[in-house]
Amino acid sequence: PCRSVLTVACEQTEVLLFDPISSKHIKTLSEAHEDCVNNIRFLDNRLFATCSDDTTIALWDLRKLNSKVCTLHGHTSWVKNIEYDTNTRLLVTSGFDGNVIIWDTNRCTEDGCPHKKFFHTRFLMRMRLTPDCSKMLISTSSGYLLILHDLDLNKSLEVGSYPILRARRTTSSDITSSGSSGPRAVGSPCHQNDSGPVSEKHMSRSSQREGGSPRNSLEVLTPEVPGERDRGNCITSLQLHPKGWATLLRCSSNTDDQEWTCVYEFQEGAPVRPVSPRCSLRLTHCIEEANVGRGYIKELCFSPDGRMISSPHGFGIRLLGFDAQCSELVDCLPKEASPLKEIRSLYSHNDVVLTTKFSPTHCQIASGCLSGRVSLYQPKF
């Protein structure tokens with residue numbers, strides 16, 4: 001968070017640490033895990049967590065990197081995401097076992113942390129918390145996007161115990177007919193069957209009460225993806241605007257012949273009735289990506305101020321804006337979905353770029369490619 005260290009998760013059990021100012025290599029954690037390292041998350045300026053295909057999460061302290069602080073066991077398949085609630089000091093992880101697990105770092109010992117399963121869904125790909133931790137978003141390989149509203153991490157959710165805000169699909173007609181000032185509560189709901197992540201037959205009575213939505217209300221969406229034409233899609237990457245205004249998705253078609261980067265703004269407010277169809281997101285901007293490196297997930301990100309997006313594009317990255325002047329999203333919301341504007345392209349790799357990240361404090365961007373090369377940029381505009 002203070003820009004003193006750049007950490008890199010590697011395929012072959014390693015974590016690399018660099019000084020982003022001098023670009024010097026600081027240290028290699030050669031056996032950080034027993035399998036591929038997937039994600040790294042700093043809890044503060046010294047403590048960070050890593051997760052791996054070996055089904056574990058490890059906690060590390062920058063002051064003592066010769067050994068882990070502790071190893072967390074609880075997932076049964078590859079662990080792909082780490083989030084952290086700074087208010088409660090709860091670590092939140094998700095994996096391909098479909099589980100979202102909560103870890104209490106307040107009671108962490110050398111043997112691990114107390115944990116509990118918070119949520120489960122099939123086809124889980126990515127999980128994120130909004131900056132204020134009021135919502136949890138989960139993307140799936142089947143094209144669904146799940147949103148838990150008014151989030152309460154202290155309450156575990158089992159199938160049948162959470163209120164479902166009936167699922168529906170976002171469409172351009174909803175956007176043009178309803179504008180962007182309120183929730184979508186028009187049209188007919190998209191009835192889920194048992195092949196989806198949840199089933200409407202599990203809707204609890206609490207979702208049918210009059211009044212506002214209860215805690216941990218679940219909304220299921222199939223976001224509109226340009227060019228999809230009802231062929232289905234996989235939401236491979238999920239990021240959130242630093243001010244919580246929007247979500248950023250990287251989607252690929254089920255046939256892997258198209259990739260899109262899409263921005264969806266949050267539309268706050270409860271449905272007209274608790275059981276009404278709800279749509280909290282609307283597509284505002286999108287752009288087609290280079291369909292290179294099929295089957296590999298490309299992680300994109302917002303800049304710290306939310307005005308730009310850095311997106312892997314072939315053997316480089318593209319810097320994208322909501323308009324050519326890199327205006328704030330709220331200042332250039334279109335009535336219909338508009339193309340993202342390419343501000344700058346940066347190419348320095350000889351292989352497919354899989355991930356990119358802005359510095360939280362400086363005008364600097366990092367990117368990493370499939371062959372292991374890490375590049376640092378200080379773009380000039």
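- Per an unreviewed UniProt entry, the recorded name for the chain is DDB1- and CUL4-associated factor 10, and the organism is Oreotrochilus melanogaster.
- A UniProt comment under Function (unreviewed entry) is attached to the chain, and it reads "May function as a substrate receptor for CUL4-DDB1 E3 ubiquitin-protein ligase complex."

### A look at the packing of aromatic side chains
Describing an aromatic ring pair means giving the distance of the ring centres and the angle of the ring planes.
Part 1 of the argument: Throughout the structure, instances matching the rule amount to three aromatic pairs.
Part 2 of the argument: Their ring planes at 40° and their centres at 5.2 Å tell us that Phe42 and Phe48 sit as a pair that is tilted. An identical accessibility class is assigned to Phe42 and Phe48; each is buried.
Part 3 of the argument: Relative to Trp60, the ring of Phe48 lies with its centre 6.4 Å away and its plane at 15°, an arrangement referred to as stacked. Here Phe48, found in strand E5 (residues 47–52), pairs with Trp60, found in strand E6 (residues 56–61); they are twelve residues apart in sequence, far enough to count as distant. Like Trp60, Phe48 is buried.

### Some remarks on a negative patch on the surface
Part 1 of the argument: There is a patch of like negative charges on the surface, built from Glu11, Glu31, Glu34 and Asp35.
Part 2 of the argument: Within the fold, Glu31 resides in the loop between strand E3 (25–29) and strand E4 (37–42).

### Regarding the confidence of the model for the chain
Part 1 of the argument: In this model, the chain carries a mean pLDDT of 83, and residues with pLDDT of at least 70 account for 80%.
Part 2 of the argument: Contacts from residues 171–195, a stretch scored under 50 in pLDDT, to residues over four places away or in other chains number 59 contacts.

### A word on the layout of surface pockets
Part 1 of the argument: Volume-wise, the second largest pocket comes out at about 220 Å³.
Part 2 of the argument: Ser303, Asp305, Met308, Phe358 and Cys363 are the residues nearest the centre of the second largest pocket, which is lined by 17 residues in total.
Part 3 of the argument: Split by residue class, the lining of the second largest pocket holds ten nonpolar, five polar and two charged.

### Examining the sheet that holds strand E10 (residues 99–104)
Strands pair in a sheet through their backbones, by hydrogen bonds, and they do so in one of two ways: parallel or antiparallel.
Part 1 of the argument: Reading across the sheet, the four strands line up as E8-E9-E10-E11 and stay open at both edges, with antiparallel pairing between neighbours. Two strands bound the open sheet, and with one partner strand each, they are strand E8 (79–85) and strand E11 (115–120). Pairs of neighbouring strands in the sheet enclose a mean axial angle of 25°, with direction left out of account.
Part 2 of the argument: Where E10 and E11 come together, five bridges link them in antiparallel fashion.

### Considerations on the environment of Cys70
Part 1 of the argument: Mapped onto the elements, Cys70 comes out in strand E7 (residues 70–73).
Part 2 of the argument: For Cys70 and Thr109, which are 39 residues apart along the polypeptide, the C-alpha to C-alpha distance reads 7.0 Å.
Part 3 of the argument: When neighbours within four sequence positions are excluded, Cys70 is seen to be in contact with Ile57, Ala58, Leu59, Cys108, Thr109, Glu110 and Gly112.

### Side note on the side chain of Asp323
Part 1 of the argument: Within the secondary structure layout, Asp323 lies in the loop between strand E23 (316–321) and strand E24 (338–339).
Part 2 of the argument: Buried Asp323, no salt bridge; nearest opposite-charge side chain is Arg307, N-O distance 7.3 Å.
Part 3 of the argument: A polar atom in the side chain of Asp323 sits 3.0 Å from the backbone nitrogen of Cys326.
Part 4 of the argument: Side-chain polar atoms of Asp323 contact the side chain of Ser327, separated by 2.7 Å.
Part 5 of the argument: Setting aside chain neighbours within four positions, we find Asp323 in contact with Cys332, Lys341 and Ile343.

### Comments concerning a nonpolar patch on the surface
Part 1 of the argument: Together, Val292, Phe315 and Tyr347 line one region of the surface with nonpolar side chains, adding up to about 270 Å² of accessible area.
Part 2 of the argument: As for its position among the elements, Tyr347 is in strand E25 (residues 341–347).
Part 3 of the argument: A relative accessible area of 48% means that Tyr347 is categorised as partly exposed.

### Brief notes about the UniProt feature "repeat: WD" (unreviewed entry) in the chain
Part 1 of the argument: UniProt feature "repeat: WD" (unreviewed entry): in the numbering of this structure it lies at residues 30–63 and 72–104.
Part 2 of the argument: Strand forms 53% of residues 30–63 and helix 0%; the C-alpha atoms that close the span are 17 Å apart.
Part 3 of the argument: The distance from the first to the last C-alpha atom of residues 72–104 is 11 Å, and the span holds 0% helix and 64% strand.

### Some points on the environment of Lys380
Part 1 of the argument: Turning to its location among the elements, Lys380 is positioned in the segment after strand E28 (374–377).
Part 2 of the argument: For Lys380, a relative accessible area of 72% gives the class exposed.
Part 3 of the argument: A C-alpha to C-alpha distance of 9.0 Å links Lys380 and Cys363, two positions 17 residues apart in sequence.

### Things to note about the nonpolar core
Part 1 of the argument: Residues Val92, Val100, Phe118, Phe119, Met136, Ile138 and Leu153 are the most contacted members of the largest nonpolar core, which totals 19 residues.
Part 2 of the argument: Elements supplying a minimum of two residues to this core: strand E9 (90–95), E10, E11, strand E12 (124–129), strand E13 (136–140), strand E14 (145–149) and strand E16 (217–222).
Part 3 of the argument: It is E12 that contributes the most residues to this core, three residues altogether.
Part 4 of the argument: Here Ile138 is in contact with Val100, Phe119, Thr121, Leu124, Arg126, Met127, Tyr144, Leu145, Leu146 and Leu238, once residues within four sequence places are set aside.
Part 5 of the argument: Formed by 18 residues, the second largest nonpolar core is a distinct cluster that contains Ile235, Leu238, Tyr264 and Leu283.

### Quick notes on the pairing of E6
Part 1 of the argument: Of all the six residues making up E6, six are buried; the element is thus mostly covered by neighbouring parts of the structure.
Part 2 of the argument: The two faces of E6 match: Thr56, Ala58 and Trp60 on one face and Ile57, Leu59 and Asp61 on the other face are all buried.
Part 3 of the argument: Relative to E6, E5 runs antiparallel, the two sharing five bridges. Looking across to E6, one finds that Thr50 is bridged to Ala58.
Part 4 of the argument: Here E5 folds back onto E6, and the loop between the two strands holds three residues, one of which, Thr55, carries a positive phi near 75°.

What counts as what
- Numbering of residues starts from 1 in every chain and runs along the sequence as written.
- This being a predicted model, a pLDDT of at least 70 is required before a residue's local features are given, and a value of 80 or more before pairs of side-chain atoms are given or counted; all residues contribute to the totals for chains, interfaces and linings.
- Values shown for side chains rest on all heavy atoms present in the structure; no hydrogens or waters enter the calculation.
- UniProt positions are given in the numbering used here, feature names are shortened, and annotations may be inferred rather than shown by experiment.
- Ring pairs are drawn from Phe, Tyr and Trp, using the six-membered ring of Trp, whenever the two centres fall within 6.5 Å, and their geometry is named by plane angle: stacked under 30 degrees, edge-to-face over 60, tilted for the rest.
- In this scheme, a residue with accessible area under 20% of its type's maximum is buried, one over 50% is exposed, and one in between is partly exposed, where area comes from a 1.4 Å probe on protein chains only.
- Going along the chain from the N terminus, every DSSP run of H or I of four or more residues is numbered as a helix, and every run of E of two or more is numbered as a strand.
- The patches reported here contain residues having more than 30% relative accessible area and no salt bridge. Joining distances are 9 Å for like charges and 5 Å for nonpolar side chains (Val, Leu, Ile, Met, Phe, Trp, Tyr).
- For the area figures, the Shrake-Rupley method with a 1.4 Å probe applies, and any residue is considered shielded solely by the protein chains shown.
- A pair is scored as a salt bridge if a Lys or Arg side-chain nitrogen falls within 4 Å of a carboxyl oxygen belonging to Asp or Glu.
- Positive charges come from Lys and Arg alone, negative charges from Asp and Glu alone, with His and the N- and C-terminal ends not counted.
- By convention, charge coordinates are those of NZ in Lys, CZ in Arg, CG in Asp, or CD in Glu.
- Each residue carries a pLDDT score, the predictor's own confidence in it, on a scale running from 0 to 100.
- Note on contacts: a residue pair qualifies if any of its non-hydrogen atoms lie within 4.5 Å across the two residues.
- Cavities and pockets are found on a 1 Å grid laid over the protein atoms alone: a cavity is a set of points where a 1.4 Å probe fits but cannot escape, a pocket is an open set with protein on both sides within 12 Å along at least five of seven lines, and a lining residue has an atom within 4 Å of such a point.
- Grid points are joined across faces, edges and corners, and a volume is the space filled by probe spheres set on the points.
- Throughout, the ten residues Ala, Val, Leu, Ile, Met, Phe, Trp, Tyr, Cys and Pro are labelled nonpolar, Asp, Glu, Lys and Arg are labelled charged, and all others, Gly among them, are labelled polar.
- Strand pairing is assigned whenever DSSP detects at least two bridges linking the two strands.
- A fitted line through C-alpha atoms serves as each axis, taken over the contacting stretch for helices, and the angle formed by two N-to-C directions is quoted from 0 to 180°.
- The term polar contact refers here to a pair of N or O atoms within 3.5 Å; inside protein, the definition further demands a hydrogen-donor-capable atom paired with an acceptor-capable atom, and it admits residues adjacent in sequence only when both atoms are side-chain atoms.
- In plain words, nonpolar cores are sets of buried Ala, Val, Leu, Ile, Met, Phe, Trp, Tyr and Cys residues tied together by side-chain atoms within 4.5 Å.

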